[in-house]
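Topology and contacts: notes
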Amino acid sequence: MPVSAASADPSPVWFAAGYPLRAHNTFGFDVRARLACRIENEADLVAALRDPRAQGLRTLVLGGGSNVVLTRDFDGLVLLVALAGKRVTREDDDAWYVEAGAGENWHDFVAWTLEAGMPGLENLALIPGTVGAAPIQNIGAYGLEMAERCASVRAIELESGTPCEFDAADCRFGYRDSFFKREGRDRFVITSVTFRLPKAWQPNAGYADLARELAQRGLPGAQCARDVFDAVVAVRRAKLPDPLVLGNAGSFFKNPVIDALQFDSLVVREPRIVSYPQADGRVKLAAGWLIDQCGWKGRTLRAAAVHERQALVLVNRGGATGNDILELAQAIRHDVLARFGVELEQEPVSL
Ligand code: EPU
């Protein structure tokens, strides 16, 4: 549903042909864009889309570039989303409504909500990327998905330049999935997200790794959101590589969900398999465990590698290309399918 357009002075910053994208994708792949433009507000975006330089070009939206595998130079226009701003838009007896610009760094935003006394996002601390990317793959970690806190998403339709507002139901969130990843893919640029943070806070500390970390800190049950935040940060730092040090896109595969019948026969052969029963009777498997069991943890293919502490994360050891990563991913998928009969689905988009 269209909403009124913002009216700032349209003055997007354009970058010369061959703009390097290395700093704009968390794998750190050294590829270039034919044209790039920095988007600081909605008017910039509309102006950029109408600009003669953009006509006939494919567009690629990059926030933090945390969910993309760039295999080659991009022969089109890259929109570098840099919309800033965080504010409480509304408050009622039950919740705060907080809006953040799509270009805001996700972790900094989570930290800001806590410092402002509005808990609720602490389980999602330290996830790389931007606020605008969060709804696309419905980021989730340690027992929480952003869908559970999302009130609405504002976006501009690329074809018409029309601003649209999506409520949480319109976003059709699923496990690492949303409308923006499917039917809405390449059709919208998210410009801001509004979160609903309930005032009745309760710790969400049941996830095994998190519960263990809190117990080690002498804080079982967690008394405040800051405890959860600190513990999540510690767990992530221990297991997951920092993209600024070792290029990666977080989990490279989704945890596969299989039907009960397939699980029943699999578990007979593989009694130690890590699994999570789903509400619909199906069973989610830990892809990291499957990959680990196939002996892939820590293995390399040229400069691409499987992270040595979490087999679900593929890394660029320096100088890898997107195709190196895809070749490694293909070898892993082959082995997991051969041993377990389970297909792994790639999480990041490859281009
Ligand atoms: N495991 C292994 N070997 C490995 C990795 C995992 O045996 O190399 C086992 C673990 O011991 C554990 C199970 O697999 O029993 C699950 O591992 P973990 O708790 O690390 O979580 P995950 O299922 O591998 C998911 C998300 C992560 C998120 C964590 C914590 C997906 C695809 N990944 O990983 O999200 O941080 O849970 O909630 O759902 C991301 O999406 O980029 C991401 C990092």
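Residues numbered from 1 in each chain as written. Predicted model: local features only at pLDDT ≥ 70, side-chain atom pairs only at ≥ 80, totals over all residues. Heavy atoms only, no water.

1. Focus on the overall build of the protein chain
Stated precisely, the cut-off is as follows: Only DSSP runs of H or I with at least four residues qualify as helices, and only runs of E with at least two residues qualify as strands; both kinds are numbered from the N terminus onward. Only the C-alpha atoms count toward the radius of gyration. The rule for a globule is 2.2 Å times the residue count to the power 0.38. Each residue's exposure class comes from its accessible area (1.4 Å probe, protein chains only) as a fraction of the maximum for that residue type: buried when under 20%, exposed when over 50%, partly exposed otherwise. Should any heavy atoms of two residues lie within 4.5 Å, those residues are considered in contact. Computed with the Shrake-Rupley method and a 1.4 Å probe, the accessible areas treat only the protein chains shown as cover for residues. Working convention for charge: Lys and Arg count positive, Asp and Glu count negative, and His plus the chain ends are omitted. Charge coordinates come from a single atom per side chain, which is NZ of Lys, CZ of Arg, CG of Asp or CD of Glu.
Along the backbone of the protein chain there are seven helices and 21 strands. Radius of gyration (C-alpha) of the protein chain: 21 Å, near the 20 Å computed for a compact globule of 351 residues. Looking at the 351 residues of the protein chain, the share that counts as buried comes to 51%. In the protein chain, the proportion of contacts linking residues at least 24 apart, taken out of those at least 6 apart, comes to 62%. For the protein chain, the accessible surface area stands at approximately 16000 Å², while carbon and sulfur atoms represent 49% of it. Seen as two clouds, the 39 positive and the 44 negative side-chain charges of the protein chain have centres 5 Å apart.

2. A word on the side chain of K181
As a reminder of what qualifies: In what follows, salt bridge is the name for a side-chain nitrogen of Lys or Arg lying within 4 Å of a carboxyl oxygen of Asp or Glu.
Within the fold, K181 resides in the loop between β12 (163-167) and β13 (188-198). Despite its burial, K181 remains without a salt bridge, the nearest opposite charge being carried by D177 at 5.2 Å. Other than its neighbours up to four places away in sequence, K181 contacts I136, Q137, R176, K254 and E347.

3. Describing helix α2 (residues 106-115)
Helical geometry: 3.6 residues make up each α-helical turn, so side chains three or four residues apart lie on a common side. Put simply, the rule is: Polar contact is defined as a pair of N or O atoms within 3.5 Å, subject to the rule that within protein one atom must be able to donate a hydrogen and the other to accept it, and that residues adjacent in sequence are counted only when both atoms are side-chain atoms.
Counted residue by residue, α2 has seven buried out of ten residues, so it is predominantly covered. W106, H107, F109, V110, A111, T113 and L114 are the residues of α2 that are buried. Summarising the contacts, the buried residues of α2 are in contact with β7 (86-91), β8 (95-101), β13 and α4 (225-239). If you check the start of α2, you find a side-chain oxygen 3.1 Å away from the backbone N of H107, and it comes from N105. Note on α2: the residue one or two positions beyond its end, G117, has a positive phi of about 80 degrees.

4. Focus: the confidence of the model for the protein chain
Stated formally: For every residue, the predictor assigns a confidence score, pLDDT, that lies between 0 and 100.
Per-chain confidence: the protein chain averages 95 in pLDDT, with 97% of residues scoring 70 or above. pLDDT under 50 marks residues 1-7. Its contacts with residues more than four places away, or in other chains, come to 18 contacts.

5. Digging into the pairing of strand β3 (residues 32-39)
Which entries qualify depends on this criterion: Only when DSSP finds a minimum of two bridges between them are two strands counted as paired.
Two strands pair when backbone bridges link them, and strand β1 (residues 13-15) and β3 are joined in this way by three bridges, in the antiparallel orientation. Across the sheet, V13 pairs through a bridge with R38, a residue of β3. Bridge count between strand β2 (residues 19-20) and β3: two bridges; the pairing is antiparallel. Bridge assignment links Y19 to a residue of β3, and that residue is A33. With six bridges connecting them, β3 and strand β6 (residues 74-81) associate as parallel partners. Following the sheet pairing, A36 is matched in β6 by V78.

6. Observations regarding the site of the ligand
Spelled out, the test is: It suffices for a single heavy atom of a residue to lie within 4 Å of a molecule or strand for the residue to be listed as near it. Residue polarity follows a fixed list, in which Ala, Val, Leu, Ile, Met, Phe, Trp, Tyr, Cys and Pro are nonpolar, Asp, Glu, Lys and Arg are charged, and the others, Gly among them, are polar.
The full set close to the ligand counts 25 residues, and Y142, Y175, R176, Y207 and D292 are the nearest of them. K239 has a polar side-chain atom sitting 3.2 Å from an oxygen atom of the ligand. At 2.8 Å from an oxygen atom of the ligand is found a side-chain nitrogen or oxygen belonging to N255. When the ligand sits alone it has 820 Å² of accessible area, and the protein chains cover 84% of it. Every element with two or more residues in the shell around the ligand is listed here: β9 (140-141), α4, β14 (247-251) and α6 (287-293). At three residues, α6 tops the list of elements feeding residues into the shell around the ligand. Here the shell around the ligand is composed, by residue class, of eleven nonpolar, six polar and eight charged.

7. Some points on the packing of α2 against α4
In a packed pair of helices, the relevant descriptors are the angle between the two axes and the axis-to-axis distance. The line we're drawing: For helices, the fitted line uses only the C-alpha atoms of the stretch in contact; every axis is such a line through C-alpha atoms, and the angle between N-to-C directions lies from 0 to 180 degrees. These descriptions rest on fixed angle ranges, namely under 35 degrees for roughly parallel, over 145 for roughly antiparallel, 65 to 115 for roughly perpendicular, and the rest for oblique. Throughout, a crossing is termed right-handed when the near helix is turned clockwise from the far one, and left-handed when it is turned anticlockwise from it by less than a right angle.
At a minimum axis distance of 10 Å, the contact between α2 and α4 shows a crossing angle of 160 degrees. The angle between the axes of α2 and α4 places the two elements in the roughly antiparallel class. Relative to α4, the crossing made by α2 is left-handed. Side by side, α2 and α4 meet where H107, V110, A111, L114 and E115 of the first sit next to A225, R226, F229 and V233 of the second. The class makeup of the residues in the contact of α2 with α4 is six nonpolar, one polar and two charged.

8. Some remarks on the pattern of salt bridges
Proximity of charged atoms lets side chains of opposite charge pair with each other. Evaluated as defined, the whole model comprises 22 salt bridges. Here R53 makes a salt bridge to D51, at a shortest N to O gap of 2.9 Å. Close ionic contact of E183 with R172 constitutes a salt bridge, the shortest N to O distance being 2.7 Å. Placement of E183 in the loop between β12 and β13 and of R172 in the loop between β12 and β13 is noted, with a sequence separation of eleven residues between them. E183 gets classed as partly exposed once you look at its relative accessible area, which sits at 41%. Connected through salt bridges with shared partners, the residues E42, R154 and E165 form a single ionic network.

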